[in-house]
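A closer look at the structure
Below are the chains, spelled out letter by letter.
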Amino acid sequence: MSETPPDDRDLATPSAARLFARMDERPITIWAVSDGRAGIENQALGLAEAVARLTPASIVRKHVRFRENYDRLPTGLKLHPRRFLAADADPIEPPWPDLWIAAGRATMPFSLRMRRWSKGKTFVVQVQDPRWPPQMFDAVVPPRHDRVVGPNVIDITGSPHRVTPEKLDDALVRFRDLVDPLPHPRVAVLIGGKSKAFDISPERASRLAAEIALAVETEKGSVMVTFSRRTPQRARDLLASRLKPLPGIVWDGEGANPYFAFLAAADYVLVTEDSTNMATEAASTGKPVFILKMDGESLKFRRFHEELERRDVARPFGGTLYRWDYPPLRETDWAATDVLARMRARAG
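1. Regarding the overall build of the protein
Each helix and strand counted, the protein has 12 helices and 13 strands in total. For 348 residues, the compact-globule formula gives about 20 Å, and the C-alpha radius of gyration of the protein, at 21 Å, lands near that figure. Scored against the burial criterion, the 348 residues of the protein give a buried share of 55%. Within the protein, counting contacts between residues at least 6 apart in sequence, those at least 24 apart form 69% of the total.

2. Things to note about the sheet that holds strand E6 (residues 186–191)
Read from one edge to the other, the open sheet built from six strands follows the order E9-E8-E6-E10-E11-E13, with strand pairing classed as parallel. What marks the edges here is a single partner per strand, and that holds for strand E9 (248–250) and strand E13 (314–316). On average, adjacent strands in this sheet sit at an angle of 20 degrees to one another, irrespective of strand direction. Docked against the sheet, helix H8 (residues 233–243) engages E6, strand E8 (222–227) and E9, running at close to 165 degrees with respect to E8. Across the face of the sheet, helix H10 (residues 276–283) comes into contact with E6, strand E10 (268–272) and strand E11 (289–292) while running at roughly 170 degrees to E10.

3. What about the sheet that holds strand E3 (residues 99–103)?
With parallel pairing, five strands are arranged side by side in an open sheet as E2-E1-E3-E4-E5. Strands with a single pairing partner mark the edges of an open sheet, and in this sheet they are strand E2 (57–63) and strand E5 (139–141). Across the sheet, the mean angle separating the axes of adjacent strands is 20 degrees when strand polarity is ignored. Across seven bridges, the pairing between strand E1 (residues 28–34) and E2 is parallel. Within the sheet, the bridge partner assigned to Ile 28 lies in E2 and is Ala 57. On top of the sheet, helix H2 (residues 38–52) reaches E1, E2, E3, strand E4 (123–127) and E5; it is set at about 165 degrees to E1, its chief contact. With respect to the sheet, helix H12 (residues 331–347) is in contact with E3, E4 and E5, its orientation differing from that of E4 by roughly 155 degrees.

4. What to know about the pattern of salt bridges
Any two side chains of opposite charge can pair if their charged atoms end up close together. A complete count under the given rule lists 26 salt bridges for this structure. Salt-bridge contacts for Arg 37 lead to Asp 35; the nearest nitrogen and oxygen are separated by 2.7 Å. The class for Asp 35 is buried, based on a relative accessible area of 15%. Among the salt bridges present, the one from Glu 41 reaches Arg 61, with a minimum N-O distance of 3.7 Å. Here the residue Glu 41 occupies a position in helix H2, and Arg 61 occupies one in strand E2, the gap between them amounting to 20 residues. Judged by its relative accessible area of 9%, Glu 41 is buried.

5. Here's the deal with the packing of helix H7 (residues 202–219) against H8
Interaxial distance between H7 and H8 falls to 9 Å at its minimum, and their mutual angle equals 20 degrees. Looking at the two axes, H7 sits roughly parallel to H8. Here H7 and H8 pass one another in a crossing that is right-handed. For the pair H7 and H8, the contacting residues are Pro 202, Ala 205, Ser 206, Leu 208, Ala 209, Ala 210, Ile 212, Ala 213 and Glu 217 in the first and Arg 234, Ala 235, Leu 238, Leu 239, Arg 242 and Leu 243 in the second. A per-class count over the contact of H7 with H8 returns 11 nonpolar, one polar and three charged.

6. Thoughts on the side chain of Ser 111
Here Ser 111 lies in helix H4 (residues 108–117). The exposure class of Ser 111 is buried, given its relative accessible area of 1%.

7. A word on the packing of H10 against helix H11 (residues 299–310)
In contact at an axis separation of 12 Å, H10 and H11 are set at 5 degrees when each is read in the N-to-C sense. Viewed along their axes, H10 and H11 adopt a mutual orientation that is roughly parallel. Between H10, through Thr 276, Ala 279 and Thr 280, and H11, the contact on the second element is made entirely by Phe 301, Phe 304 and Leu 308. In terms of residue class, the contact of H10 with H11 is built from four nonpolar, two polar and no charged.

What counts and what doesn't
Residues numbered from 1 in each chain as written. Predicted model: local features only at pLDDT ≥ 70, side-chain atom pairs only at ≥ 80, totals over all residues. Heavy atoms only, no water. Helix = DSSP H or I, 4+ residues; strand = E, 2+ residues; numbered from the N terminus. Rg over C-alpha atoms; globule rule 2.2 N^0.38 Å. Buried < 20%, exposed > 50% of the residue type's maximum accessible area, 1.4 Å probe, protein only. Contact = heavy atoms within 4.5 Å. Pairing = 2+ DSSP bridges. Axes fitted to C-alpha atoms, helices over the stretch in contact; angles between N-to-C directions. Salt bridge = Lys/Arg side-chain N within 4 Å of Asp/Glu carboxyl O. Parallel < 35°, antiparallel > 145°, perpendicular 65-115°, else oblique. Left-handed = near helix turned anticlockwise from the far one by under 90°. Nonpolar A, V, L, I, M, F, W, Y, C, P; charged D, E, K, R; others polar.

Printed below as a string of structure tokens:
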């Protein structure tokens, strides 16, 4: 586990500048590997893009999926994963990358073998808790609330993501006609959905809708609402019917996704408690983040939200909107810095 206190993570230090000045000028090749699901891929791709902001690099996306019967096997029994890839999966073949960044269960059989396949050429990074000994990889980047421990563990608050100030600015320009007319304060409402630990019942959806609407109406503001593919249809319908009459936008999933533009335009962000990704992305904006209660409970997520509260990033939503300031979370950049430092140290 990293010994660096979160609030002391400074990427603009002279030592960091010297590190990257010494890096080999040859662009490195990075594979960002996942099963293709957006929430999983964005973690691998977000870390890859953060590395590429620090040193010349080319990024290749790889999606891996197995044939149905093989996929049912435990990871430890997937002894020949390259032979049993599904027809629509990307090939995992040499030449091997300099840096392998993988996220998700489907990538594990490959991550566990990549150092051997590449004869040590490839630096292997597994995002999330691999549920395997960390020493099986060159580095592991899990959320701190998973409590993974080891000398090669780069633990962070939340999860790696693709949100940057530049991406937010670009999205705001592309969706300017959509968001510019909205009155302030603008409230981004990010609704997740059913998972192992959480759900949104119709009763919960009705309460959330009423609380959000009252807070926005009190402030004479507007809403910008997005739903997850996991949001139950009944909950989606109830929230949409109550929030659509307010000034604002309830995105119906058609056309280009305005998610980044909503984050950029928001004065406040409300996010359901089921998503590490959405909360971390919201916290990267430096704007007040409120956590919306769902049905269900999770010790790991409770630890995550308590960590956000300790860092004064997020607070439970109590029905009112108010401001506070905090430094935007830069955990993805910090993790990328650490990964490059370890690559440099291994290369000598």
